[in-house]
Amino acid sequence: EISHREVLAMGEAQAYALQIGPDQYLDTRPPGRFTNHSCQPNAGVAGDRLLVALREIAPGEEIQFDYSTTMSEKGWTMVCHCGSAMCRRVIRDFHLLPSSLKAHYIGLGVVQSFIVREWYAMREGAGRTA
């Protein structure tokens, strides 16, 4: 496990980190580092570290998950070129996704557990102020 500071020190070209906590990342290794993002993914990260299929994946098909399901980094964004019909054009923090999409991913069990805890805490807080 490495910190956010260590991820940044690697530089964009070398960092293939998966966020598993507020300041905890895994430096992924092959074959995990060869997955890409899609706004219409065929896979997801379950149990904080396990890549699972969300549907049948054909031989030779690229494995893609939605990076936003593993991100709680409000300042980081990335232009999306996934090309799916559902493309959001920008990859960003899970908490900035549309509510229905957040609920969908949580229902599938492919959102990092620390992000799910943050999401419930935010909902609880919003309920007290409403």
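Residues numbered from 1 in each chain as written. Predicted model: local features only at pLDDT ≥ 70, side-chain atom pairs only at ≥ 80, totals over all residues. Heavy atoms only, no water.

### Let's talk about helix α2 (residues 99–108)
Of the positions making up α2, those classed as buried are Leu-101, Lys-102, Tyr-105 and Ile-106. Along the axis of α2, the buried positions cluster into a sector of 135 degrees, meaning they face one direction only. In α2, the exposed positions that point more than 90 degrees away from the buried face belong to Ser-99, Ser-100 and Gly-107. (Buried < 20%, exposed > 50% of the residue type's maximum accessible area, 1.4 Å probe, protein only. Helix = DSSP H or I, 4+ residues; strand = E, 2+ residues; numbered from the N terminus. Arc of directions from axis to C-beta.)

### Details of the side chain of Ser-38
Inspection of the secondary structure assignment puts Ser-38 in the loop between β3 (36–37) and β4 (43–46). In this structure the side chain of Ser-38 is engaged in a polar contact, spanning 3.0 Å, whose partner is the backbone nitrogen of Gln-40. (Polar contact = N/O pair within 3.5 Å; in protein donor to acceptor, adjacent residues only side chain to side chain.)

### Comments concerning the state of the cysteines
Applying the stated rule across the entire model yields zero disulfides. For the unlinked cysteine Cys-80, the closest cysteine sulfur is that of Cys-87, found at 3.6 Å. Here Cys-82 is not cross-linked by a disulfide; its sulfur's nearest cysteine counterpart is in Cys-80, at 3.6 Å. (Disulfide = S-S within 2.5 Å.)

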